[in-house]
Amino acid sequence: MALKLVVFDAYGTLFDVYSMGVTSRSSTRGSSLSPTPTPGRAAATTCPFGS
Amino acid sequence: MGQYARLTPHTENRGVLEALKARGLPCAILSNGNSEMLASAVEGAGFAPLLDAVISIENLRQYKIMPITYGLVLQRFADVQANEVLFVSSNAWDALGATWFGFQALWVNRQGMPQETLGPAPRYTGRDLRAVLDACRI
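Predicted model, so just to flag it, every value in this text is computed and none were measured. (Residues numbered from 1 in each chain as written. Chains lettered and ligands numbered in written order. Predicted model: local features only at pLDDT ≥ 70, side-chain atom pairs only at ≥ 80, totals over all residues.)

K.L.:
Is there a simple way to explain helix 1 (residues 13-23) of chain B in this structure?
P.N.:
Residue pairs spaced three or four apart in an α-helix point in one direction, given the helix's 3.6 residues per turn. By the burial criterion, the buried members of helix 1 of chain B are B:Asn13, B:Val16, B:Leu17 and B:Leu20. Mapping the buried residues of helix 1 of chain B onto a view down its axis gives an arc of 95 degrees, with all of them on the same face. In helix 1 of chain B, those exposed residues whose orientation departs by more than 90 degrees from the buried face are B:Gly15 and B:Ala22. Where helix 1 of chain B is buried, its residues contact strand 1 (5-8) of chain A together with strand 1 (27-31) and helix 5 (131-135) of chain B. Positive backbone phi, approximately 80 degrees, marks B:Gly24, located one or two places after helix 1 of chain B. (Buried ≥ 20, exposed ≤ 12 C-beta atoms within 10 Å, placed from the backbone. Helix = DSSP H or I, 4+ residues; strand = E, 2+ residues; numbered from the N terminus. Arc of directions from axis to C-beta. Contact = placed C-beta atoms within 7 Å.)

This is how it looks when you write it as structure tokens:
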């Protein structure tokens, strides 16, 4: 199927949230805002908006 | 939270958006962020001329990966079918939610993270946003 539209997530995808330290990754530092990582599950990014 | 209004884009992103624009392929943002913060980030990055829509879920008060949030894209672009959308996210769970919704998804796996155990895998995976151009065959 031909593509007619490209949709981007914002935070972490178009905009760099890691280099400014405004968020953390649950696999490294943890956060009260982070989803709880489960074994075998990719650690989620922890943008407070989800993404 | 004010830092979210002053975020810088990843270095390759402008070139990717410009290539898509040159190809005539519409581009949009769908985000869990609110409209004001998204507008500030888009303006600050100089992306406004390269985007056809910036869609926030804030009025729904539901967040991705709720299907209704991805449905906002089809409300905004009524002539586009779900499987004609390439949804691009650096979050594996977001790419998965988009896949469940029926979008073609591209996971930008910048950190080399493991795949989600839930399936299906996104149709495309790349290390940075340039993978979008491969997916679009640009």
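Here the narrative resumes, following the displayed structure.
K.L.:
What should I look at first to understand the sheet that holds strand 1 of chain A in this one?
P.N.:
Hydrogen bonds between backbone atoms are what pair the strands of a sheet, whose relative direction is either parallel or antiparallel. Taken together, 6 strands build an open sheet; the order of strands is 2(B)-1(B)-1(A)-3(B)-4(B)-5(B) and the sheet is parallel. On the outer flanks of this sheet lie strand 2 (53-56) and strand 5 (124-126) of chain B, each paired with one strand and no other. Strand-to-strand twist of the sheet, defined as the mean angle between neighbouring strand axes without regard to direction, takes the value 20 degrees. As defined by bridge partners, strand 1 of chain A adjoins strand 3 (residues 85-89) of chain B across 4 bridges and the pair is classed as parallel. Note on strand 3 of chain B: the bridge partner recorded for A:Leu5 is B:Val85. Sheet contacts for helix 3 (residues 67-76) of chain B: strand 1 of chain A together with strand 1, strand 2 and strand 3 of chain B; angle to strand 2 of chain B, the most-contacted strand, approximately 145 degrees. (Pairing = 2+ DSSP bridges. Axes fitted to C-alpha atoms, helices over the stretch in contact; angles between N-to-C directions.)

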